[in-house]
Amino acid sequence: MDDLLHDIQNRGAITPHLTAVRLGDTALTYGELADRIEDYDIVLAEQGLSHTAAFYAALLHCMPSLAEIRPVEARLQVIGEIQAWLGRERGEVAAMRPRLRAVS
């Protein structure tokens, strides 16, 4: 996960307007995601939570429609697919969807 977060931070600095992921009609840029992860990382670190928690909190903040996906297992699957999509260039593709092109 640390490699993914580092990659998102780098992309957010280099290409902040590039779309990182799209969910339905909501597009999330690398810059926006990197900023939210950093914001949550600071707050959650004070509470003893991990960088991974900051990633999930940032996703839910930026894409509130994720919280509406029911059942919870389906929501976790979509979040896993988003994580795999973001990590695709490092070979972190979800086993269930090895040809993932987009998340919708």
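Whatever comes next refers back to the structure up there.
Only a predicted model underlies this, so the values are computations on that prediction, with no experimental measurement involved.

(A) Just the overall build of the protein, in detail. A tally of helices and strands in the protein yields four helices and two strands. Each helix (α) and strand (β) of the protein, taken in turn from the N terminus, gives the series α-β-β-α-α-α. Of all 104 residues assigned to the protein, the portion counted as buried reaches 35%. Here the contacts in the protein between residues at least 6 apart in sequence split such that 48% fall between residues at least 24 apart. Summing over all exposed atoms, the protein offers an accessible surface of approximately 6,300 Å²; the carbon and sulfur share of this is 53%.

(B) The pattern of salt bridges, seen in detail. Per the counting criterion, the structure on display carries three salt bridges. Arg11 is the partner of Asp7 in a salt bridge, and the nearest nitrogen-oxygen pair spans 3.2 Å. One end of the pair, Asp7, and the other, Arg11, are both in helix H1 (residues 2-14), four residues apart, so they sit about a helical turn from each other. The partner of Asp39 in a salt bridge is Arg36, with the nearest N and O atoms 2.8 Å apart. Taken together, the residues Asp39 and Arg36, both in helix H2 (residues 30-46) and three residues apart, mark about one turn of the helix.

(C) Examining the environment of Leu5 more closely. Residue position: Leu5 is located in helix H1. Through-space distance from the C-alpha of Leu5 to that of Leu86 is 9.5 Å; in sequence the pair is 81 residues apart. Those residues in contact with Leu5, other than ones at most four positions away along the chain, are Ile37, His51, Thr52 and Phe55.

(D) How the structure looks around the pairing of strand S2 (residues 26-29). Where strand S1 (residues 19-23) meets S2, four bridges bridge the pair, whose relative direction is antiparallel. Each bridged residue has a counterpart across the sheet, and for Val21 the counterpart in S2 is Leu28. The antiparallel pairing of S1 with S2 creates a hairpin that spans two residues between the two strands, and Gly24 there sits at a positive phi of about 60°.

(E) Helix H3 (residues 51-62), seen in detail. End to end, H3 covers 16 Å across twelve residues, agreeing with the expected 16 Å (1.5 Å per residue, within 8%). Restricting attention to buried positions, one finds in H3 the residues Ala54, Phe55, Ala57, Ala58, Leu59 and Cys62. Elements that come into contact with the buried residues of H3 comprise H1, S2, H2 and helix H4 (72-86).

(F) Quick peek at the packing of H1 against H3. At a minimum axis distance of 10 Å, the contact between H1 and H3 shows a crossing angle of 50°. Considering the angle they form, H1 stands oblique to H3. The way H1 lies across H3 gives a crossing that is left-handed. In this structure, H1 contributes Asp2, Leu4, Leu5 and Ile8 to the contact, and H3 contributes His51, Thr52 and Phe55. In terms of residue class, the contact of H1 with H3 is built from four nonpolar, two polar and one charged.

Parameters at a glance
Residues numbered from 1 in each chain as written. Predicted model: local features only at pLDDT ≥ 70, side-chain atom pairs only at ≥ 80, totals over all residues. Heavy atoms only, no water. Helix = DSSP H or I, 4+ residues; strand = E, 2+ residues; numbered from the N terminus. Buried < 20%, exposed > 50% of the residue type's maximum accessible area, 1.4 Å probe, protein only. Contact = heavy atoms within 4.5 Å. Areas by Shrake-Rupley, 256 points an atom, 1.4 Å probe, with all protein chains shown as cover. Salt bridge = Lys/Arg side-chain N within 4 Å of Asp/Glu carboxyl O. Pairing = 2+ DSSP bridges. Expected span 1.5 Å × (residues − 1). Axes fitted to C-alpha atoms, helices over the stretch in contact; angles between N-to-C directions. Parallel < 35°, antiparallel > 145°, perpendicular 65-115°, else oblique. Left-handed = near helix turned anticlockwise from the far one by under 90°. Nonpolar A, V, L, I, M, F, W, Y, C, P; charged D, E, K, R; others polar.

These figures capture arrangement, not role.
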